[in-house]
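Structural features, examined
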Amino acid sequence: MKRHTEELDALKELCSREQMALTESQYELLAAYALLLEQWNKKINLISRKEDAPVIIKHVFHSLLMGLFHPFSAGEKVLDLGTGGGLPGIPLAIAWPDTRFLLVDSTGKKIAACQAMINELGIGNAVALHSRVEELKGLTFDTVLSRQVAQLEQLCAYTYRFLKPEGCLICLKGGNLEEEIKTALEARHAHHGFPSTIEHFAISGFSPFFAEKEIVIARR
Ligand SMILES: C[S@@+](CC[C@H](N)C(=O)[O-])C[C@H]1O[C@@H](n2cnc3c(N)ncnc32)[C@H](O)[C@@H]1O
């Protein structure tokens, strides 16, 4: 209980420093999700088991940072590609309750865990779907999100056919991205010209846990 309170306080401090306007009940839901994620992670492998940082910071706050670079809008349709245990989709769905999130993963037991957490937390704007992203048919999205799933070029290849004209792909990534970005831009002729631009932003300033991590935004 003490750990829960301390970690929740740490999250509140980080979020309010970035002027994220979250209510007390949203903070409670984010903390409850972090606890559920830890519990599920004992049964199936959803996140790293290294205890080098609190889950609520390393995974939940990390996911929320996407909203600082891309403020989501009401009715926006968002795909979380390769969501695993619901990252970044579940924290963002809690923070942006008027945006619609589809969480997709090719591993059935991860998606079952995701849907169980969504149900238990009562999140009405997120749905988990067991599918390979290549097999999604007849859907379009304003925004595609991805955290630690694949190389940028591969993500662009997955994404271009269901991204709306003004849409973008937003990724949380680590390491040196120059080569990965160059490769994705060079391959755009194979992906209907997507992306025309790629921006990337270091996020080490938000928390010491995010050294060498970046947010990458690829636009049509
Ligand atoms: C390293 S995990 C990251 C999970 C989560 N995004 C996170 O940050 O914790 C990568 C996930 O992508 C999923 N994945 C990989 N390729 C996929 C594809 N083509 N379609 C759907 N899911 C995929 C895997 O099953 C795995 O759960």
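All values reported here derive from a predicted model rather than from experimental measurement.

**Concerning the overall build of the protein**
Within the protein, the secondary structure is distributed over eight helices and seven strands. In terms of C-alpha radius of gyration, the protein reaches 17 Å, essentially the compact-globule figure of 17 Å for 220 residues. Overall size of the protein, expressed as C-alpha extent along the three principal axes, is 55 × 35 × 35 Å. Within the protein, the fraction of its 220 residues that count as buried is 51%. A fraction of 67% describes how many contacts in the protein between residues 6 or more apart in sequence connect residues 24 or more apart. Approximately 10400 Å² of the protein is accessible, and the part contributed by carbon and sulfur atoms is 52%. Distance between charge centroids for the protein: 5 Å, based on 24 positive and 27 negative side chains.

**Let's talk about the nonpolar core**
Among the nonpolar cores identified, the biggest contains 52 residues, and Tyr33, Phe61, Leu64 and Ile90 are the most heavily contacted of them. Examining the composition of this core, we find that seven residues originate from one element, helix H2 (residues 24–43), more than from any other. The contact partners of Phe61, leaving out residues within four places of it in the chain, are Leu11, Leu14, Cys15, Glu18, Met20, Ile56, Phe206 and Phe210. Counting 24 residues, the second-largest nonpolar core is a separate cluster that includes Leu79, Phe141, Cys156 and Leu169.

**Considering the UniProt feature "binding site: S-adenosyl-L-methionine" (unreviewed entry) in the protein**
Per the UniProt entry, the sites bearing "binding site: S-adenosyl-L-methionine" (unreviewed entry) are Gly82, Leu87, Asp105, Ser106, Thr107, Val133, Glu134 and Arg147 in this numbering. Lining residues of the largest pocket drawn from the annotated list: Gly82, Leu87, Asp105, Ser106, Thr107, Val133, Glu134 and Arg147. Inspection of the secondary structure puts Val133 in the loop between strand S3 (126–130) and strand S4 (141–147). Residue classification places Val133 among the buried positions, given a relative accessible area of 5%. Look past the residues within four positions of Val133 in its chain and what remains in contact with it is Leu79, Leu81, Val104, Tyr158, Arg161 and Phe162. Along the chain, Glu134 falls in the loop between S3 and S4. Discounting residues that sit within four places of it in the chain, Glu134 has contacts with Tyr158 and Arg161. Only 3.0 Å separates the side chain of Glu134 from the side chain of Arg132, close enough to count as a polar contact.

**Some thoughts on the side chain of Thr83**
Tracing the backbone through its elements, the reader meets Thr83 in the loop between strand S1 (77–81) and helix H5 (89–95). By relative accessible area, which is 2% here, Thr83 ends up buried. With sequence-adjacent residues up to four places away left out, Thr83 is seen in contact with Leu103, Val104, Asp105, Ile111 and Cys114.

**Re the site of the ligand**
Taken together, 16 residues lie around the ligand, and Gly82, Leu87, Asp105, Glu134 and Arg147 are the ones closest in. Between an oxygen atom of the ligand and a side-chain N or O atom of Asp105, the distance comes to 2.6 Å. Val133 places a main-chain nitrogen or oxygen 2.9 Å from a nitrogen atom of the ligand. Here the ligand loses 82% of its free accessible area of 590 Å² to cover by the protein chains. Judged by the fraction of its atoms near the pocket grid, the ligand is located in the largest pocket.

**Here we look at the pairing of strand S7 (residues 213–219)**
In terms of burial, S7 is largely enclosed, as five of its seven residues are buried. Direction of pairing for strand S5 (residues 163–174) relative to S7: antiparallel, over a ladder of seven bridges. Counted as the bridge partner of Ile170 is Ile217 from S7.

**Here's the deal with the side chain of Thr99**
Structurally, Thr99 is set in the loop between H5 and strand S2 (100–105). Polar contacts involving the side chain of Thr99 include one to the main-chain carbonyl oxygen of Ser73, which spans 2.8 Å. When neighbours within four sequence positions are excluded, Thr99 is seen to be in contact with Phe72, Ser73, Ala74, Gly75, Glu76, Val78 and Asn125.

About the cut-offs
Residues numbered from 1 in each chain as written. Predicted model: local features only at pLDDT ≥ 70, side-chain atom pairs only at ≥ 80, totals over all residues. Heavy atoms only, no water. Helix = DSSP H or I, 4+ residues; strand = E, 2+ residues; numbered from the N terminus. Rg over C-alpha atoms; globule rule 2.2 N^0.38 Å. Buried < 20%, exposed > 50% of the residue type's maximum accessible area, 1.4 Å probe, protein only. Contact = heavy atoms within 4.5 Å. Areas by Shrake-Rupley, 256 points an atom, 1.4 Å probe, with all protein chains shown as cover. Lys, Arg positive; Asp, Glu negative; His and termini not counted. Charge placed at Lys NZ, Arg CZ, Asp CG, Glu CD. Core = buried A, V, L, I, M, F, W, Y, C linked by side-chain atoms within 4.5 Å. UniProt positions renumbered as here; feature names shortened; annotations may be inferred. 1 Å grid on protein atoms, 1.4 Å probe; cavity = no way out; pocket = protein on both sides within 12 Å on 5 of 7 lines; lining within 4 Å. Polar contact = N/O pair within 3.5 Å; in protein donor to acceptor, adjacent residues only side chain to side chain. Near = heavy atom within 4 Å. Sits in = over half its atoms within 2 Å of the grid points. Pairing = 2+ DSSP bridges.

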